[in-house]
Amino acid sequence: RKEVEQDPGPFNVPEGATVAFNCTYSNSASQSFFWYRQDCRKEPKLLMSVYSSGNEDGRFTAQLNRASQYISLLIRDSKLSDSATYLCVVNSGGYQKVTFGTGTKLQVIP
Amino acid sequence: DAGVTQSPTHLIKTRGQHVTLRCSPISGHKSVSWYQQVLGQGPQFIFQYYEKEERGRGNFPDRFSARQFPNYSSELNVNALLLGDSALYLCASSLVWDQETQYFGPGTRLLVL
């Protein structure tokens, strides 16, 4: 089983739709979690951290479920500019413990 | 403030050659990590340096090496290049050692022919 698994997609959604991605992780000792966004041929950029209590940033909501070992990202009212690959990142603490998922591709269609 | 910078932006090499990639972290950041991203995959961890010492190494062969300089900039070296080394090489800096909140540079695209 991969340490961090994501559905590669693509998720093709119309503008204004709500879309959700999940990411599962295998190491129960994982300590911190993040969502990054990567545009085509660009570097990853931090979208948001994921906290146990859940956190929201505008149209984006991230959740952590430690019991089932997954994190989620919900995007409401999708915009064309949301089209990108969303990378799930898990930090198991300490050095060399950062693991990226393969990413989920989102395409928002006019 | 300048972000993470990397050079060169693009590079073409042939099999068996050697390559050196360079990274300058955000001012004040003492941790630099290197990642390899092949097409269609997420970044794979190669090295982390903190305070000029190697603090972590991913599952890469000894052909890959790196170092960090007193000004916290870093070099990634790859010897005896293989076709499979073709990838985007990303450098990320963070303020402290635990790699929380990393900031990535634009990467170096390496093509090995």
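No experiment lies behind these values; they were computed from the predicted model shown.

Engineer: Can you walk me through the sheet that holds strand β6 (residues 55-57) of chain A in this structure?
Structural biologist: Paired through backbone hydrogen bonds, the strands of a sheet run either parallel or antiparallel to each other. Residues and elements named next belong to chain A. Spatial strand order, β1-β3-β8-β7-β6: five strands in an open sheet with antiparallel pairing. Strand pairing shows two members of the sheet lacking a second neighbour, β1 (4-6) and β6, which therefore form its edges. On average, each strand axis in the sheet is tilted by 20 degrees relative to the strand beside it, whichever way the strands run. Of the strand pairs in this sheet, β1 and strand β3 (residues 19-25) are connected by three bridges, and their pairing is antiparallel. Bridge pairing in β3 links Q6 to C23.

Engineer: What exactly am I supposed to notice about the layout of surface pockets here?
Structural biologist: Once rolled over the atoms, a probe with the size of a water molecule shows which space is left empty. Of the volumes computed, that of the largest pocket is approximately 700 Å³. Considering the residues around the largest pocket, the lining is formed by 30 residues, among which R41 of chain A together with Q37, L39, G40 and R109 of chain B are closest to the centre. Mapped onto the lining of the largest pocket, the elements with two or more residues apiece are β9 (84-91) and β11 (104-109) of chain A together with β2 (10-13), β9 (87-94) and β11 (108-112) of chain B. Among the elements that line the lining of the largest pocket, the one with the most residues is β11 of chain A, at four residues. Approximately 430 Å³ is the volume found for the second largest pocket. For the second largest pocket, the lining is made up of 20 residues, of which E3, V98, T99 and F100 of chain A together with Q44 of chain B are closest to its centre. At the level of secondary structure, the elements contributing two or more residues to the lining of the second largest pocket comprise β10 (98-100) of chain A together with β5 (44-50) of chain B. The element that contributes the greatest number of residues to the lining of the second largest pocket is β10 of chain A, accounting for three residues. By residue class, the composition of the lining of the second largest pocket is seven nonpolar, ten polar and three charged.

Calculation rules
Residues numbered from 1 in each chain as written. Chains lettered and ligands numbered in written order. Predicted model: local features only at pLDDT ≥ 70, side-chain atom pairs only at ≥ 80, totals over all residues. Heavy atoms only, no water. Pairing = 2+ DSSP bridges. Helix = DSSP H or I, 4+ residues; strand = E, 2+ residues; numbered from the N terminus. Axes fitted to C-alpha atoms, helices over the stretch in contact; angles between N-to-C directions. 1 Å grid on protein atoms, 1.4 Å probe; cavity = no way out; pocket = protein on both sides within 12 Å on 5 of 7 lines; lining within 4 Å. Points joined across faces, edges and corners; volume = space filled by probe spheres on them. Nonpolar A, V, L, I, M, F, W, Y, C, P; charged D, E, K, R; others polar.

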